[in-house]
Amino acid sequence: MTGYYGEHSKVWVSVDCIIFGFDHDKLKLLIGRRQMDPGRGEWSLYGGFVRADESLEDAANRVLYDLTGLRRLYMKQVGAFGDIDRDPGERVISVAYCALINVEDYDEKLMQEHGVQWVPVDDMPQLYSDHNYMVKKAITLLRRRIKSEPLSFNLLPSLFTLTQLQHVYEAILGEEIDKRNFRKRIKQIDFIEKTDLIDKTTSKRGAYLYRFNKRMYQEEPIFKL
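What you see is a predicted model, and the numbers here were worked out from it, not measured in a lab.

The rules behind each value
Residues numbered from 1 in each chain as written. Predicted model: local features only at pLDDT ≥ 70, side-chain atom pairs only at ≥ 80, totals over all residues. Heavy atoms only, no water. Helix = DSSP H or I, 4+ residues; strand = E, 2+ residues; numbered from the N terminus. Buried < 20%, exposed > 50% of the residue type's maximum accessible area, 1.4 Å probe, protein only. Contact = heavy atoms within 4.5 Å. Areas by Shrake-Rupley, 256 points an atom, 1.4 Å probe, with all protein chains shown as cover. Lys, Arg positive; Asp, Glu negative; His and termini not counted. Charge placed at Lys NZ, Arg CZ, Asp CG, Glu CD. 1 Å grid on protein atoms, 1.4 Å probe; cavity = no way out; pocket = protein on both sides within 12 Å on 5 of 7 lines; lining within 4 Å. Points joined across faces, edges and corners; volume = space filled by probe spheres on them. Nonpolar A, V, L, I, M, F, W, Y, C, P; charged D, E, K, R; others polar. Expected span 1.5 Å × (residues − 1).

J.: Looking at this structure, how should I read the overall build of the chain?
T.: From N to C terminus, the chain includes six helices and nine strands. C-alpha atoms of the chain, sized along the principal axes, occupy 70 × 35 × 30 Å. Residues classed as buried in the chain amount to 42% of the 225 residues present. By sequence separation, contacts in the chain at least 24 residues apart represent 65% of the contacts at least 6 residues apart. Carbon and sulfur atoms make up 46% of the accessible area of the chain, which amounts to about 13,900 Å² in all. Treating the 34 positive side-chain charges of the chain as one cloud and the 34 negative ones as another, the clouds have centres 7 Å apart.

Structural data, given as structure tokens:
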């Protein structure tokens, strides 16, 4: 390190990961009890400080992998949060990242190891510092992007019904969607493929299973719902 900028005060930089999942028709958030001071024992997002040898995105990916054991997750920067008194311990600026995962991909042993759990966004408790505000900003980001990006497929298994897909949209948007119009629009999208497989877990008649063709989307990434 050089001796430059010695006359300026130093601040800490951290990343906080806002991890969403979808389960039982609800958008859920992964949180745990904070295990360090200040705020020990309070509900909190999972995060960490940025190391000297990593970028912000590298730090966020490291934190996500440490917590979930999953790589190549959908992740977007939500924004920087730097109120002077946001952390009572030190002057900490946090950069929040939003990630989407399929709940079924997350090993329960890792959840227990880290002491985290899924809670419905609608029943989210009071979180440490400004974490509730971070989550609110992340949901606003998802609502803006879901109509132009196929991000909902990151929350679903590889095979899904149209009802499941509709429920993901409703959970993120926070409103009901007209079933007929939704299905009509979905069936016009080439990279959402109908398979010959039928899911009979919800009814005797069953429902056809669909899948997201990522390769086809990458060749022609045009999406508007």
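J.: What should I look at first to understand the layout of surface pockets in this one?
T.: Empty space left among the atoms is revealed by rolling a probe the size of a water molecule over them. A volume near 760 Å³ is recorded for the largest pocket. Taken together, 21 residues form the lining of the largest pocket, with R72, F153, N154, F212 and K214 sitting closest to its centre. When its residues are assigned to classes, the lining of the largest pocket shows 12 nonpolar, three polar and six charged.

J.: Explanation requested: helix α1 (residues 56–68) in the structure shown.
T.: One turn of the α-helix equals 3.6 residues, which is why residues spaced by three or four share an orientation. The first and last C-alpha atoms of α1 sit 18 Å apart over 13 residues, in line with the 18 Å expected at 1.5 Å per residue. Among all positions in α1, only A59, A60, R62, V63, L64, L67 and T68 are buried.

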